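# Examination of the molecular architecture
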Amino acid sequence: VLRHLGVVHFDAGRSDQALDHYLRALAGFEAGGEAIEVAKTRANIANVYLRTGRAADAIVQHREALATFEQAGATLPVAATHLN
């Protein structure tokens, strides 16, 4: 739910609120050991960073997302993250 709220805020141009929801979602997914959800959320966070001019932070998040997707054997999300 938190990540989906982040998407709503992101799509509405509310980057600060999107980032807040994404970070909270990330913490929950990490605590629950949900690797794919962690990777998806990191990709979302990277998009916020790109939008707000934090390219170096975005690269870190995208690399982390890619590594997690690849470790989990998820090929489609890897392609989507590369596209971002």
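Notes on the structure in this doc start here. (Residues numbered from 1 in each chain as written. Predicted model: local features only at pLDDT ≥ 70, side-chain atom pairs only at ≥ 80, totals over all residues. Heavy atoms only, no water.)

### Observations concerning the nonpolar core
Formed by 13 residues in total, the largest nonpolar core has its most connected members in Phe-10, Ala-18, Leu-19, Tyr-22, Ile-45, Val-48 and Tyr-49. For this core, the elements supplying multiple residues, two or more each, are helix H2 (15–32) and helix H3 (35–51). Per element, the largest residue contribution to this core is six residues, and it comes from H2. Counting residues in each nonpolar core, the second largest holds five residues, with Ala-43, Ala-65, Phe-69 and Ala-74 among its members. (Core = buried A, V, L, I, M, F, W, Y, C linked by side-chain atoms within 4.5 Å. Buried < 20%, exposed > 50% of the residue type's maximum accessible area, 1.4 Å probe, protein only. Helix = DSSP H or I, 4+ residues; strand = E, 2+ residues; numbered from the N terminus.)

### Quick look at the packing of aromatic side chains
In this structure the tally under the stated criterion is zero aromatic pairs. When the ring centre of Phe-10 is taken as origin, the NZ or CZ atom of Arg-51, which lies over that ring, is 3.7 Å away. (Phe/Tyr/Trp six-rings, centres within 6.5 Å; stacked < 30°, edge-to-face > 60°. Lys NZ or Arg CZ within 6 Å of the ring centre and 35° of its normal.)

### Things to note about the packing of helix H1 (residues 2–11) against H2
Contact pair H1 / H2: the axes reach a minimum separation of 8 Å and the direction vectors enclose 160 degrees. With respect to H2, the axis of H1 lies roughly antiparallel. Here H1 and H2 pass one another in a crossing that is left-handed. Of the residues in H2, those touching H1 at Leu-2, Arg-3, Leu-5, Gly-6, Val-7, His-9 and Phe-10 are Gln-17, Ala-18, His-21, Tyr-22, Arg-24, Ala-25 and Phe-29. Counted by class, the contact of H1 with H2 contains eight nonpolar, four polar and two charged residues. (Axes fitted to C-alpha atoms, helices over the stretch in contact; angles between N-to-C directions. Parallel < 35°, antiparallel > 145°, perpendicular 65-115°, else oblique. Left-handed = near helix turned anticlockwise from the far one by under 90°. Contact = heavy atoms within 4.5 Å. Nonpolar A, V, L, I, M, F, W, Y, C, P; charged D, E, K, R; others polar.)

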